[in-house]
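If you want the building blocks of each chain, they are given just below.
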Amino acid sequence: MRPNHAQDQLKKPENAMKRLLTVAALSAAGSLFAMQGAAADDAAMIKSAESAAPPAVASGATIHAMDEKGSMRTLREGTNGFWCMPDNPATPGPDPMCGDANAMDWAVAWMGKKEPPKGKVGFMYMLSGGTDGSNTDPYATKPEEGNNWVETGPHVMIVNATDLMQGYPADPKPDTSRPYVMWAGTPYAHLMIPVK
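Below, the structure is looked at part by part. (Residues numbered from 1 in each chain as written. Predicted model: local features only at pLDDT ≥ 70, side-chain atom pairs only at ≥ 80, totals over all residues. Heavy atoms only, no water.)

### A look at the environment of Pro143
For clarity, the cut-off: Counting from the N terminus, the helices are the DSSP runs of H or I reaching at least four residues and the strands are the DSSP runs of E reaching at least two.
Take Pro143: it is sitting in the loop between β6 (133-134) and β7 (149-150). With eleven residues separating them along the chain, Pro143 and Asp132 place their C-alpha atoms 9.0 Å apart.

### Considerations on the packing of aromatic side chains
Spelled out, the test is: Only Phe, Tyr and Trp rings are paired, with Trp represented by its six-membered ring, and only when their centres lie within 6.5 Å; those with planes under 30 degrees apart are stacked, over 60 edge-to-face, the remainder tilted. The rule is simple: take the accessible area with a 1.4 Å probe, protein chains only, and divide by the maximum for that residue type; under 20% is buried, over 50% is exposed, in between is partly exposed.
Summed over all chains, the structure comprises six aromatic pairs. Measuring from centroid to centroid gives 5.9 Å for Trp106 and Trp110, while their planes differ by 25°, and the two rings are stacked. Pair noted here: Trp106 and Trp110 are both in helix α4 (residues 101-111), with a separation of four residues, about one helical turn. Assessed through its relative accessible area of 2%, Trp106 is described here as buried. Judged by relative accessible area, which is 22%, Trp110 ranks as partly exposed.

### Topic: unusual backbone geometry
We note that Asn148 has phi near 55°; this positive angle belongs to a residue other than glycine. Locating Asn148 in the fold gives a position in the loop between β6 and β7. Backbone geometry at Trp183 places phi at a positive 60°, although glycine is not the residue there. Taking the relative accessible area as the measure of exposure, Trp183 reaches 9% and is therefore buried.

If you want it as structure tokens, here you go:
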């Protein structure tokens, strides 16, 4: 019995080489499309991050993005000592942010549930607005009775300056159209200053 035509074709070295090259080309094209998709995603995240601060700050800032596991990666190295992060799609509102080095130290302490470093007052921008959140619980993820959920618009923040916020309202249900203290009574209390 004679082998079928397909088996004959596979036995020829030139046909096997053509198939190998075709598979390699398709694989390379798939990788290129994946890299182009990642570059487009990175470009969109950089644009989102830059929307948090004035262009004079955002254009020279280092851009970081956090994945769903909380790991940080750098999308762009900066030159001015500021950092920016894009909107978190898992949160209900826009929340890109930018800040100085002290603000990053404060944010890392907050996210890690650690004591913020002493004597490092930080400044942050959230000019695209901020995710609505609890004004009293730094770790609340949704509105619940007693957690004083507030809506925030575009604002800037002074963080890690708990001793310097005396005289500003620290009510659980603040007037968010005026400066107020968010998360009062916690190590992460900070001054919220609306810009509209």
